[in-house]
Amino acid sequence: NQAARRALRRLRPGGPVERRPDRRAAARERAAAAFIIMEVYWVLEEQAPMLPTSLWGLNEAERAGDVDLTAQAGAGLGMIYGTVGLRRLAARHLRAAGAAAERATDPFTTCWLGIVGGLHWIGVGDWAAVDAVTARALAGLHRTPLHRWADEVMLLRGVAGYLTARYPEAAAAAAEAMASGRDRRDPIVHLWGLVVLMETALRANPDDPAMAGWAEEATRLL
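Rules and cut-offs
- Residues numbered from 1 in each chain as written.
- Predicted model: local features only at pLDDT ≥ 70, side-chain atom pairs only at ≥ 80, totals over all residues.
- Heavy atoms only, no water.
- Helix = DSSP H or I, 4+ residues; strand = E, 2+ residues; numbered from the N terminus.
- Expected span 1.5 Å × (residues − 1).
- Contact = heavy atoms within 4.5 Å.
- Salt bridge = Lys/Arg side-chain N within 4 Å of Asp/Glu carboxyl O.
- Buried < 20%, exposed > 50% of the residue type's maximum accessible area, 1.4 Å probe, protein only.

Undergrad: I keep staring at helix α2 (residues 21–44) and nothing clicks. Help me out?
TA: Since the α-helix turns once every 3.6 residues, residues separated by three or four places project in the same direction. If you check α2, its first and last C-alpha atoms are 35 Å apart, about what 24 residues at 1.5 Å a residue would give, namely 34 Å. Where α2 is buried, its residues meet α3 (50–64), α4 (67–83) and α6 (107–124).

What follows is the structure, encoded as structure tokens:
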């Protein structure tokens, strides 16, 4: 139903955006609700309703003419496509979301795209895309208090650096995330920073004297 509606709206003269302000406002409200519902399904691991809910959210965001919601919904839909193995569709929607994010005004949008896009591009091994999407997210994070998300983006940069043998970059990103997690008493970020640091050191400098201290610190966090 949602796929058919999406195709029909695109054939309409003037595109999918609603002409009346009240209809655009209603569509914006539904798009925001769909985003939250999709997040709930994701946490509950209810995979069956994720795809239609994500399609619904993207349809409504386009009807509202809201660039931020369109980028967020497109990235979410790309994530769902990637999760079920439809990589070409996932890449198409994530690239479209990235293009929309260039015109976005809400830093939440680029941060969300940095996490979702970073995870997807790491999964398929597109390292240039990982670097681009995470760099864009980090560039706008000074405008938002989304500290945990900033740390997640930094950790993704560390993981990407580790997987591509760019060990100095990986260590720097992991150390920054670890310090941020420690300063804000966020044990998850703190621990993941230590894990990436230790994994990197095992490849680049296994005799690093800091390794014992990191291992002890990580054990306490567990």
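Undergrad: Looking at this structure, I do not really get the pattern of salt bridges. What am I missing?
TA: Any two side chains of opposite charge can pair if their charged atoms end up close together. A full pass over the atoms with the stated rule returns 14 salt bridges. The salt bridge involving Glu60 is made with Arg63; its shortest N-O contact spans 3.3 Å. Here Arg63 and Glu60 lie together in helix α3, a separation of three residues that amounts to about one turn. Like Arg63, Glu60 is buried. Look at the salt bridges and you will find they share partners, linking Glu18, Arg30, Glu60 and Arg63 into a network.

Undergrad: How do you make sense of unusual backbone geometry when you look at a structure like this?
TA: For Glu45, which is not a glycine, the phi torsion comes out positive at approximately 60°. Considering the arrangement of structural elements, one finds Glu45 in the loop between α2 and α3. Classification of Glu45 as exposed rests on a relative accessible area of 66%. Positioned with a positive phi, Ala165 is a non-glycine residue whose angle comes to about 60°. Position of Ala165 relative to the elements: it lies in the loop between α8 (147–163) and α9 (167–183).

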